[in-house]
Amino acid sequence: MPPILSRILALVALAVLVACTKPAVYAPDEAVFAARHVHPGPAEIRLFNVISNESGRGEHAALLINGSERVLFDPAGSWEHPDSPERHDVHFGMTDRMVYLYTYYHARRTHHVRIQTLQVSPDVAGRILHLAQQAGPVPDAHCARSIAEILREIPEFEH
């Protein structure tokens, strides 16, 4: 293969990889502080699974964490909202309205959202929140894996 052709192919491959990758998002401190939401409910985690109605396969996963504040860990996700600033796949300001908007962003004719909620201690919620903040940004197609890796770090979920 001529050197010029291999260089062109390498540039095309690089362009494709860059186009398929979500850039890292890191909201400023002021935006995160202003959006902070402390939910009055119990400490809990809520797993969101976006499931194809055609195949029954899970196509995306996210984790809502209600601890010292309520945030959404949306690894490799595409959802965004101006009232929910994001830092490396963690969305802040997750009021009930934001949770509703997130859910219905994914629920459509072709997909439904399965939500599973589990109450945890405030300490466990805090540890999960900390791990989620350390995990991102998550590469594309690693949403479920990144959530499982976080939960495996918690003794109650190690299996």
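Residues numbered from 1 in each chain as written. Predicted model: local features only at pLDDT ≥ 70, side-chain atom pairs only at ≥ 80, totals over all residues. Heavy atoms only, no water.

1. A short note on the packing of aromatic side chains
Now for step 1: Scanning the entire structure with this criterion turns up three aromatic pairs.
Now for step 2: Aromatic side chains F48 and Y102 sit 5.5 Å apart centroid to centroid with 85 degrees between the ring planes, which places their arrangement in the edge-to-face category. Linking F48 in strand β1 (residues 44-52) with Y102 in helix α3 (residues 96-106), this pair joins segments that are 54 residues apart in sequence.
Now for step 3: For Y102, a relative accessible area of 2% corresponds to the buried category.
Now for step 4: A ring pair is formed by W79 and Y102, whose centres lie 5.4 Å apart and whose planes are at 85 degrees; its orientation type is edge-to-face. (Phe/Tyr/Trp six-rings, centres within 6.5 Å; stacked < 30°, edge-to-face > 60°. Helix = DSSP H or I, 4+ residues; strand = E, 2+ residues; numbered from the N terminus. Buried < 20%, exposed > 50% of the residue type's maximum accessible area, 1.4 Å probe, protein only.)

2. Examining the confidence of the model for the protein chain
Now for step 1: For the protein chain, per-residue confidence averages 89 on the pLDDT scale, and 86% of positions sit at 70 or higher.
Now for step 2: For residues 9-20, every residue scores under 50 in pLDDT, and the model assigns this stretch two contacts once sequence neighbours within four places are set aside. (pLDDT = per-residue confidence, 0-100. Contact = heavy atoms within 4.5 Å.)

3. Structural notes on the sheet that holds strand β3 (residues 70-73)
Now for step 1: Pairing is antiparallel in the open sheet, where six strands are placed in the order β4-β5-β3-β2-β1-β6. The open sheet is flanked by β4 (86-87) and β6 (111-119), the only strands paired with a single partner.
Now for step 2: Contacting β1, β2 (58-66), β3 and β6, α3 runs over the sheet at an angle of about 20 degrees to β1.
Now for step 3: Packing against the sheet, helix α4 (residues 122-135) makes contact with β1, β2, β3 and β5 (90-91), and its axis sits at approximately 130 degrees to β2. (Pairing = 2+ DSSP bridges. Axes fitted to C-alpha atoms, helices over the stretch in contact; angles between N-to-C directions.)

4. Some points on the side chain of H60
Now for step 1: Its place among the elements puts H60 in strand β2.
Now for step 2: Among the polar contacts listed, one links the side chain of H60 to the side chain of D74, at a separation of 2.6 Å.
Now for step 3: Not counting residues up to four positions away in its chain, the partners in contact with H60 are F48, N49, V50, D74, P75, A76, G77, Y102, H106 and C143. (Polar contact = N/O pair within 3.5 Å; in protein donor to acceptor, adjacent residues only side chain to side chain.)

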